[in-house]
Amino acid sequence: MHCISCLLLGLLFILSVTSTDSFARAGRRVCAAAPESRVATYTKSHVQPIYQPYLTTCLGHRLCSTYRTIYRVSYRQAYRQLPQPVASCCPGWSRANSHALSCNRALCSVPCQNGGSCTFPSRCSCPPGWMGRTCQTDVDECAGQSHKCHQLCVNTAGSYHCACRDGFSLAADNKACQPLVPAPEPETFSQAGPPSEMKEEVNDLKSRVEALEQKLQLVLAPFHNLMPSAPEDVGADPISRLSHSLQQLDRIDSLSEQISFLEERLETCSCKNEL
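Below is a short write-up of the structure. (Residues numbered from 1 in each chain as written. Predicted model: local features only at pLDDT ≥ 70, side-chain atom pairs only at ≥ 80, totals over all residues. Heavy atoms only, no water.)

**Section: the overall build of the protein chain**
- Looking only at helices and strands, the protein chain has 3 helices and 12 strands in total.
- Looking at the protein chain residue by residue over its 275 residues, the buried ones come to 20%.
- Look at the contacts in the protein chain between residues 6 or more apart in sequence, and 44% of them connect residues 24 or more apart.
- In the form shown here, the protein chain has an accessible surface area of approximately 20,600 Å², with 56% of it arising from carbon and sulfur atoms. (Helix = DSSP H or I, 4+ residues; strand = E, 2+ residues; numbered from the N terminus. Buried < 20%, exposed > 50% of the residue type's maximum accessible area, 1.4 Å probe, protein only. Contact = heavy atoms within 4.5 Å. Areas by Shrake-Rupley, 256 points an atom, 1.4 Å probe, with all protein chains shown as cover.)

**Some words on unusual backbone geometry**
- The phi dihedral of Ser-122 falls on the positive side, at around 60 degrees, and the residue is not glycine.
- Along the chain, Ser-122 falls in the loop between β5 (117-120) and β6 (123-125).
- In this structure Ser-122 comes out as partly exposed when scored by relative accessible area, which is 26%.
- Positive phi outside glycine occurs at Asn-174, with the angle close to 60 degrees.
- Within the secondary structure, Asn-174 sits in the loop between β11 (168-170) and β12 (177-179).
- Taking the relative accessible area as the measure of exposure, Asn-174 reaches 49% and is therefore partly exposed.

**Examining the state of the cysteines**
- Evaluation of the coordinates by the stated rule reveals 8 disulfides.
- Between Cys-58 and Cys-64 runs a disulfide, and the two sulfur atoms are separated by 1.3 Å.
- Classification of Cys-58 as partly exposed rests on a relative accessible area of 23%.
- The disulfide partner of Cys-112 is Cys-124, and the S-S distance across this bridge is 1.9 Å. The disulfide joining Cys-112 to Cys-124 has a torsion of about -90 degrees about its S-S bond and is therefore left-handed. Residue Cys-112 is located in the loop between β4 (105-106) and β5, and its partner Cys-124 is located in strand β6; the two are separated by 12 residues in the primary sequence.
- Using a relative accessible area of 11% as the deciding quantity, one classes Cys-124 as buried. (Disulfide = S-S within 2.5 Å.)

**Details of the environment of Thr-43**
- Structurally, Thr-43 can be placed in strand β1 (residues 30-58).
- Along the sequence, Thr-43 and Tyr-75 sit 32 residues apart, while their C-alpha atoms lie 6.4 Å from each other.

**Considering the nonpolar core**
- Counting 9 residues, the largest nonpolar core is built from Val-202, Leu-205, Val-209, Leu-212, Leu-216, Ile-252, Leu-255, Ile-259 and Leu-262.
- If we skip the residues at most four places from it in the chain, Ile-252 touches Leu-212 and Leu-216.
- One finds Ala-87, Cys-90, Cys-103 and Ala-106 within the second-largest nonpolar core, a separate group that totals 6 residues. (Core = buried A, V, L, I, M, F, W, Y, C linked by side-chain atoms within 4.5 Å.)

**Some remarks on the pairing of strand β9 (residues 152-156)**
- Where β9 lies against strand β10 (residues 159-163), 5 bridges are found, and the strand directions are antiparallel. Residue pairing across strands places Val-154 opposite His-161, the latter belonging to β10.
- Hairpin connection between β9 and β10: a loop of 2 residues separates the two successive antiparallel strands, and Gly-158 in this loop has a positive phi of roughly 80 degrees. (Pairing = 2+ DSSP bridges.)

**Thoughts on the environment of Asn-155**
- Mapped onto the elements of the fold, Asn-155 is located in strand β9.
- Asn-155 sits in the partly exposed class, given a relative accessible area of 32%.
- Distance in space between the C-alpha atoms of Asn-155 and Ala-143 is 8.9 Å, their sequence separation being 12 residues.
- Non-local contacts of Asn-155, meaning those with residues more than four positions away in its chain, are made with Asp-138, Val-139, Asp-140, Glu-141, Cys-142 and Tyr-160.
- Only 3.0 Å separates the side chain of Asn-155 from the side chain of Asp-138, close enough to count as a polar contact. (Polar contact = N/O pair within 3.5 Å; in protein donor to acceptor, adjacent residues only side chain to side chain.)

So, in structure tokens, the structure goes:
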């Protein structure tokens, strides 16, 4: 029994020593420090006396009560001081958890803002759109030409967006601008004019209208003068003169309609020449 207890004590001591060495093994960004000691618990065996009462025969054949002592091995918890070198993290670094050997977590005295992360002591890694030691400053993307907006660039907190002037809207890529109403295409006129025959006909009609206007002025002259002078081909009575004037007006209306028809034909020919 005593050998077994000694074997158990030796095994516990070996385990405690090996675990201490593995814990103290230094990793990255670990600075050496003065060795310290820690309290280790172990189980210790000892001999414990046990007193047992029993009955026996005394003088005079009487029964007497007495005790006898027996011994057995018992175990109890003991404590000892074990040296343990402490490996502390270098300034600005810490362990991710209590079981980590390396000190890979950076410490920033001022917390990172706007989604930044502490990647080096007192230095933040900023997301796009932010800059500064603690990611506290907004990046003005509209100050340069990297935004690629065609017309207007609007800076926002941590980002930006493109805009368009009045009369335009953003295209599908959110950068280009397109007109709300398509601009009319400039009209192109054919260099070749209308046919010469139609020009001559129009000029002839215009001259005939001018002649009729002159005749009309002569016809209406009797109504404005006290001494009318009628044309040779009109009668002397006022009724004949008035009838002649109305006929001239009808002819003028007919010629005007013909001129309008010819102008429409000219426009139609111009459109065909453009096509």
